[in-house]
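Each chain is listed here by its residues.
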Amino acid sequence: MKRILVCTDGSIFSQSSYHYAAWLAPQLDASIDVLYVTDVRSQKVASTGNLSGSIGIDADRELLKKLVDLEHEKVKLNHQRAKLLIEEAKQFFIAKGIQNVNFIHETGFLVDIFHEFEATVDIIVLGKRGEAAEFASGHLGANLERIVRASHKPCLVTSRHFKPIERLLLAYDGSPSGEKMLRFLTESPVFKGLELYIVTVTKNVEDQTAIARIEDARHQAQTAGFEPVCCLIEGNPETAIAEYAEENNISLLLMGAYGHSRIRHLVIGSTTAQLLRSSPVPVLLFR
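Let me sum up the structure you'll find in this document. (Residues numbered from 1 in each chain as written. Predicted model: local features only at pLDDT ≥ 70, side-chain atom pairs only at ≥ 80, totals over all residues. Heavy atoms only, no water.)

## A few points about helix α8 (residues 208-223)
Turning to step 1, where the next piece is worked out: The terminal C-alpha atoms of α8, which comprises 16 residues, lie 22 Å apart, in line with the 22 Å expected from a rise of 1.5 Å per residue.
Turning to step 2, where the next piece is worked out: When we look at burial in α8, the residues that qualify are Ala210, Ile214, Ala217 and Ala221. For α8, the buried positions fall inside an angular range of 55° around the axis, keeping them on one side. Opposite the packed face of α8, turned more than 90 degrees from it, sit the exposed residues Gln208, Thr209 and Thr223.
Turning to step 3, where the next piece is worked out: The secondary structure elements touched by the buried residues of α8 are α7 (176-187), β7 (195-202) and β8 (229-234).
Turning to step 4, where the next piece is worked out: With a side-chain oxygen positioned 3.1 Å from the backbone nitrogen of Thr209, the residue opening α8 is Asp207.
Turning to step 5, where the next piece is worked out: Note on α8: the residue one or two positions beyond its end, Gly225, has a positive phi of about 100°. (Helix = DSSP H or I, 4+ residues; strand = E, 2+ residues; numbered from the N terminus. Expected span 1.5 Å × (residues − 1). Buried < 20%, exposed > 50% of the residue type's maximum accessible area, 1.4 Å probe, protein only. Arc of directions from axis to C-beta. Contact = heavy atoms within 4.5 Å. Polar contact = N/O pair within 3.5 Å; in protein donor to acceptor, adjacent residues only side chain to side chain.)

Structural data, given as structure tokens:
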């Protein structure tokens, strides 16, 4: 049986992630691991330094005791919050009829801990923004880029609201990560029977390399049983792909995390990052 790892922080984007994981699980015949990580920085006990010279020894001790008590209370509250979030996720999956779900609570840093689970899962699901979504709507979540950069598994980056997946758009550029995404698309049972669109963005629609590239993608998709709608588009990839997706009512965008010229071990591609920020639909990435 396959496994899906859902990274949650209880934000509105996490709620959307639950919906997409519940959609994926029966398609893949997969179990689900829901991972919540309490940030270790919220567990650290504060230090006053040495203030005895300015406020007196007794006052310094009293202040330190109050700070330690406050930090202990924060630990309790964080633990209670974790229990509530896990219970909320549990009730969601029960309501969806998803039985094979494992709930995990860890303390530490998500970007470090997720490696412990990545090796045994087939796909990672996470929201593109986290707890600060309402205050940083133009930005990606703090952990997202680091997880996408580090993961060797497909990452489904979910949008704010769930939308049933009916039409797929593969943004194909012939890069190694794009080739992996194409193979995953054609080999996975998840996408069988769905409408497939394939687009390649080029500076010139008569460019023979671009034509050969999209024809190769068409052939692979047809061999897998799809009847893809293929299109060469001139323009800037960030805007051209987004506009095409909106015009064709796309419900899932698939693409490699890097193009040909990206600094692959440092950052995700600029086209990828821009589309993640602006896309109203989930994006499935393959590194």
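Next, the rest of the story.
## Comments concerning the environment of Ile113
Turning to step 1, where the next piece is worked out: Mapping Ile113 onto the fold places it in helix α4 (residues 110-113).
Turning to step 2, where the next piece is worked out: You can call Ile113 buried: its relative accessible area is 8%.
Turning to step 3, where the next piece is worked out: With 78 residues separating them along the chain, Ile113 and Leu35 place their C-alpha atoms 9.6 Å apart.
Turning to step 4, where the next piece is worked out: Once you skip the residues sitting within four places of it in the chain, Ile113 turns out to touch Leu35, Val37, Glu106, Thr107 and Gly108.

## So, the packing of aromatic side chains
Turning to step 1, where the next piece is worked out: A complete count under the given rule lists 7 aromatic pairs for this structure.
Turning to step 2, where the next piece is worked out: Consider the rings of Tyr20 and Phe162, whose centres lie 4.7 Å apart with planes at 65°: the pair is edge-to-face. Of this pair, Tyr20 sits in helix α1 (residues 12-28) while Phe162 sits in the loop between β5 (155-158) and β6 (167-171), and the two are 142 residues apart along the sequence.
Turning to step 3, where the next piece is worked out: Tyr20 gets classed as buried once you look at its relative accessible area, which sits at 0%.
Turning to step 4, where the next piece is worked out: Between Phe184 and Phe286, the aromatic rings sit 6.0 Å apart at their centres with planes inclined by 65°, giving edge-to-face as the arrangement. Taken as a pair, Phe184 in helix α7 and Phe286 in strand β10 (residues 283-286) lie far apart in primary sequence, 102 residues in all.
Turning to step 5, where the next piece is worked out: In textbook terms, an aromatic cluster arises when at least three aromatic residues are bridged by ring pairs, as seen for Tyr18, Phe92 and Phe93. (Phe/Tyr/Trp six-rings, centres within 6.5 Å; stacked < 30°, edge-to-face > 60°.)

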